[in-house]
2 protein chains.
Amino acid sequence: MDEATFLKTYDKRKFDTPLISVDSTLFTYHDHQLKVLLVKRSNHPDLDLWGLPGGFIDMQQDKSIRDTVLRKLEEKTKVIPPYVEQLQCVGDANRDKRGWSVTVCFSALIAHQDCEVGIADVSDAAWVAVDTLKDQTLAFDHQAIITVALERLRQKALYSIVPAYALPEQFTLPELQQLHEVLIGKTIQKKSFRRRIEQAELLEDTGEKRYEGGRPAALYKMKEASGEYTFVRNLEG
Amino acid sequence: MDEATFLKTYDKRKFDTPLISVDSTLFTYHDHQLKVLLVKRSNHPDLDLWGLPGGFIDMQQDKSIRDTVLRKLEEKTKVIPPYVEQLQCVGDANRDKRGWSVTVCFSALIAHQDCEVGIADVSDAAWVAVDTLKDQTLAFDHQAIITVALERLRQKALYSIVPAYALPEQFTLPELQQLHEVLIGKTIQKKSFRRRIEQAELLEDTGEKRYEGGRPAALYKMKEASGEYTFVRNLEG
DNA sequence: ACAATAGTGTCTCTGAGACAATATGCG
DNA sequence: CGCATATTGTCTCAGAGACACTATTGT
């Protein structure tokens, strides 16, 4: 049989396959806290439990897994986050009561101001501080997925400025440093922090300043591709 | 409707889902070259093309995706590699001629000597030097997957000794350094290389030596969990 | 002037890069 | 001994850590 014939007669429905979905851990930084977007489940199983935004691939609408993720995130927040990265894929026989299930997990970052409007609309979506998550029961294995996403983001705080995507387009250096400190879980020497960012020329001074409290802070924005930059030396965890 | 009823009546076959498979990039180091295990496809589509070892999840046999990967690798090599890590998940409408397809990719390392026997049996499996891959046409998007796996391994050579899993259990430091040099694509100062490994206490001196050429080299083996260790400072790429 | 926060100067310390010097096997 | 390869000594240099100091706003 040649390939054309094979493909014509191929029926994938003959094979039983796992469920396959996507889930996103969308982080933001607000009120000095790292927060994660949770949505209340409106369907079985785990109805009414809070979980990660996600859903099934729509093979008509979505050309790729990333499309599915962006579509699902946009449904909840009305916007597409500036940073979306694939995290890991989890799949086993027991994570979903409906049976063998595979989920492709993504980690994303967005400025709080850029999607609070979207969220306010949706009464079943909320920003939850990651510190308060320990006690909560989440749907499926979403608690574990968030833990992995958090650990990865924490690592990135040590060797990149990727966390900056959780801030507004313009931000101050002390603000970014605070975010990194929250992630790393300890204080950073401001000199060290500034030095490395300046040397790598990752940020652009907008010329504007933020007035608040003491001396005004310069407002910066990320340069193109600063998210890809990695320092050769970590801030020691 | 309560959850129990929901689950009883739930029929996932009502929904059309993508194909889902796993693929592994198994690396080894032999003859001063980094090699990757390829298998010749015995089925449509892409029949007779070389590709990565992989296959479909068997929901009866496999309790998790990792089970699938290990099962498929063992079928080809008769052994389970000491290092297996999830790499990325690729999924879109066009990567497989049979339709919307998702594949979960893994990267694995093994000592050449530990599976050459297994491979010899299987006439449709072969170690291929990664340098010679550029020209070849591989099945599906496996060429691209290998590129990603390689890039990830290259990064690990800069900040860990994970590549050591591609060597026999006992190996010499010059041997490990050579492997890292092949990965990084440039020479490393042997003093720097040794210093960091010694400081982090990642290897254990077996007391044995390898005689070959000049002064005999001490044989080391990895300590428990040395694969997880990351240096705070990279060997600069 | 003082409080509050932003930003700098500068010293120390760790660890990578460079490369010369030594050590240990072989013939 | 001389060759080949392994292993160590040691100097330099980049960049993080520490922390004191200066700068710029508001009250």
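The structure displayed is predicted, hence computed values, not measured ones.

Secondary structure assignment for chain A yields 6 helices and 10 strands. Dimensions along the principal axes, computed over C-alpha positions, put chain A at roughly 70 × 45 × 30 Å. The proportion of buried residues among the 237 residues of chain A is 54%. The long-range share in chain A, meaning contacts at least 24 apart out of those at least 6 apart in sequence, stands at 64%.

In this section: a positive patch on the surface. All names here are of chain A. Together, Lys190, Lys191, Arg194, Arg195, Lys209 and Arg215 give the surface a local cluster of positive charge. With 4 residues, helix α6 (residues 190-200) is the single largest residue contributor to the positive patch. Along the chain, lysine 209 turns up in strand β9 (residues 203-210).

All right, on to the state of the cysteines then. Inspection of every chain in the model, using the stated rule, returns 0 disulfides over all chains. Lacking any disulfide linkage, A:Cys89 is separated from the closest cysteine sulfur, that of B:Cys89, by 4.2 Å. Of the residues examined, B:Cys89 reaches a relative accessible area of 5% and is grouped as buried.

Our focus in this paragraph is the domain arrangement of chain A. All names here are of chain A. According to the domain assignment, chain A consists of domain 1 (19-156) and domain 2 (161-228). Spacing between the C-alpha centres of domain 1 and domain 2 amounts to 26 Å. Taken together, the contact between domain 1 and domain 2 spans 15 residues of the former and 12 residues of the latter. Interface of domain 1 and domain 2: buried area, both sides summed, is about 1200 Å²; carbon and sulfur atoms make up 72% of it. Put simply, domain 1 and domain 2 have 0 salt bridges between them. Here domain 1 and domain 2 share 2 residue pairs in polar contact (both at pLDDT 80 or more) between them. When its residues are assigned to classes, the side of domain 1 that touches domain 2 shows 9 nonpolar, 4 polar and 2 charged.

This brings us to the protein's contact with DNA strand C. In the vicinity of DNA strand C lie 24 residues, with A:Lys190, A:Arg194, A:Arg215, A:Ala218 and B:Arg215 positioned nearest. Within 4 Å of the protein, the contacting atoms of DNA strand C are drawn from sugar and phosphate to the extent of 57%. Here A:Lys190 contributes a side-chain N or O atom positioned 2.8 Å from a base oxygen of DNA strand C. Between a base oxygen of DNA strand C and a side-chain N or O atom of A:Arg233, the distance comes to 3.5 Å. Only α6 and β10 (217-222) of chain A together with α6 (190-199) of chain B provide two or more residues apiece to the surface near DNA strand C. At 5 residues, α6(B) tops the list of elements feeding residues into the surface near DNA strand C. Residues that form the surface near DNA strand C fall into these classes: 7 nonpolar, 5 polar and 12 charged.

So, about the protein's contact with DNA strand D. Neighbouring DNA strand D are 24 residues, the closest being A:Arg215, B:Lys190, B:Arg194, B:Arg215 and B:Ala218. Among the atoms of DNA strand D lying within 4 Å of the protein, the sugar-phosphate backbone contributes 57%. Taking B:Ala218, its main chain carries an N or O atom lying 2.9 Å from a phosphate oxygen of DNA strand D. With 5 residues, the top contributor of residues to the surface near DNA strand D is α6(A).

Another point: the interface of chain A and chain B. Listed as interface residues are 39 residues of chain A and, on the opposing side, 39 residues of chain B. When the two sides are added together, the surface that chain A and chain B hide from each other amounts to roughly 3800 Å², 61% of it contributed by carbon and sulfur. Counting every contact that joins chain A to chain B gives 0 salt bridges. Connecting chain A to chain B are 9 residue pairs in polar contact (both at pLDDT 80 or more). Listed by contribution, the elements that provide at least two residues to the side of chain A that touches chain B are α1 (3-9), β1 (19-30), β5 (83-92) and β6 (101-109) of chain A. Looking at the side of chain A that touches chain B, the element that brings in the most residues is β5(A), giving 6 residues. For the side of chain A that touches chain B, the class distribution of residues is 19 nonpolar, 7 polar and 13 charged.

For the rest of this paragraph, the subject is the pairing of β9(A). Residue and element names in this part refer to chain A. Here β9 pairs with β10 via 5 bridges, running antiparallel. Within β10, the residue paired with leucine 203 across the bridge is methionine 222. Counted along the chain from β9 to the antiparallel partner β10, the turn is 6 residues long, and its residue glycine 213 has a positive phi close to 85 degrees.

With that out of the way, let us pick up the pattern of salt bridges. Pairs can form between side chains of opposite charge once their charged atoms are near each other. Applying the stated criterion to the full structure yields 20 salt bridges over all chains. With a shortest N-O distance of 3.6 Å, A:Glu85 and A:Arg152 are connected by a salt bridge. Of this pair, A:Glu85 sits in strand β5 while A:Arg152 sits in helix α4 (residues 142-159), and the two are 67 residues apart along the sequence. Given a relative accessible area of 28%, A:Arg152 falls into the partly exposed group. A salt bridge links B:Asp46 to B:Lys97, with the nearest nitrogen and oxygen atoms 2.8 Å apart. Of the two residues, B:Asp46 sits in the loop between β2 (33-40) and β3 (50-51) while B:Lys97 sits in the loop between β5 (83-92) and β6 (101-109), which places them 51 residues apart along the sequence. Judged by relative accessible area, B:Asp46 falls into the buried class, the value being 11%. Taken together, the shared-partner salt bridges in this structure form one network comprising A:Asp62, A:Arg71, A:Lys72 and A:Glu75.

All names here are of chain A. In this model, histidine 44 is joined to proline 45 through a cis peptide bond whose omega is -10 degrees. Note on placement: proline 45 falls in the loop between β2 (33-40) and β3 (50-51). The backbone of glutamate 201 shows a phi angle near 55 degrees, a positive value even though the residue is not glycine. Looking at the element boundaries, glutamate 201 is found in the loop between α6 and β9.

The rules we used
In every chain, residue numbers begin from 1 and rise along the written sequence. A letter from A marks each chain and a number from 1 marks each ligand, given out in the order of writing. Restriction of local features to residues with pLDDT of at least 70 applies here, the model being predicted, together with a cutoff of 80 or more for giving and counting side-chain atom pairs; totals for whole chains, interfaces and linings are based on all residues. Water and hydrogen atoms were dropped before computing side-chain values, which therefore reflect all heavy atoms in the structure. Secondary structure elements follow DSSP: runs of H or I no shorter than four residues count as helices, runs of E no shorter than two count as strands, and numbering proceeds from the N terminus. Here the term buried applies to any residue with accessible area under 20% of the maximum for its type, exposed to any over 50%, and partly exposed to those in between, with areas from a 1.4 Å probe on protein chains only. Contacts between residues were defined by any pair of non-hydrogen atoms, one from each residue, lying within 4.5 Å. Without a salt bridge and with relative accessible area above 30%, a residue can belong to a patch; like charges are then joined within 9 Å and nonpolar side chains (Val, Leu, Ile, Met, Phe, Trp, Tyr) within 5 Å. For the area figures, the Shrake-Rupley method with a 1.4 Å probe applies, and any residue is considered shielded solely by the protein chains shown. Here, a salt bridge means any Lys or Arg side-chain nitrogen found within 4 Å of an Asp or Glu carboxyl oxygen. By the counting scheme adopted, Arg and Lys are positive, Glu and Asp are negative, and His together with the chain ends is not counted. In plain terms, the charge of a residue is placed at NZ if it is Lys, CZ if Arg, CG if Asp and CD if Glu. Put simply, a disulfide is two cysteine sulfurs that come within 2.5 Å. An automatic or database domain assignment supplies the start and end points of every domain. When two components associate, each loses some accessible surface as probed by a 1.4 Å sphere; the sum of these losses over both components is called the buried area. Pairs of N or O atoms within 3.5 Å make up the polar contacts considered here, provided that, within protein, one atom can donate a hydrogen while the other can accept it, and that residues adjacent in sequence are counted only when both atoms are side-chain atoms. Each residue gets one of three labels, nonpolar for Ala, Val, Leu, Ile, Met, Phe, Trp, Tyr, Cys and Pro, charged for Asp, Glu, Lys and Arg, and polar for the others, Gly among them. Proximity is defined per residue: if any heavy atom of the residue lies within 4 Å of a molecule or strand, that residue is considered near it. By the convention used here, strands pair only if DSSP detects at least 2 bridges between them.

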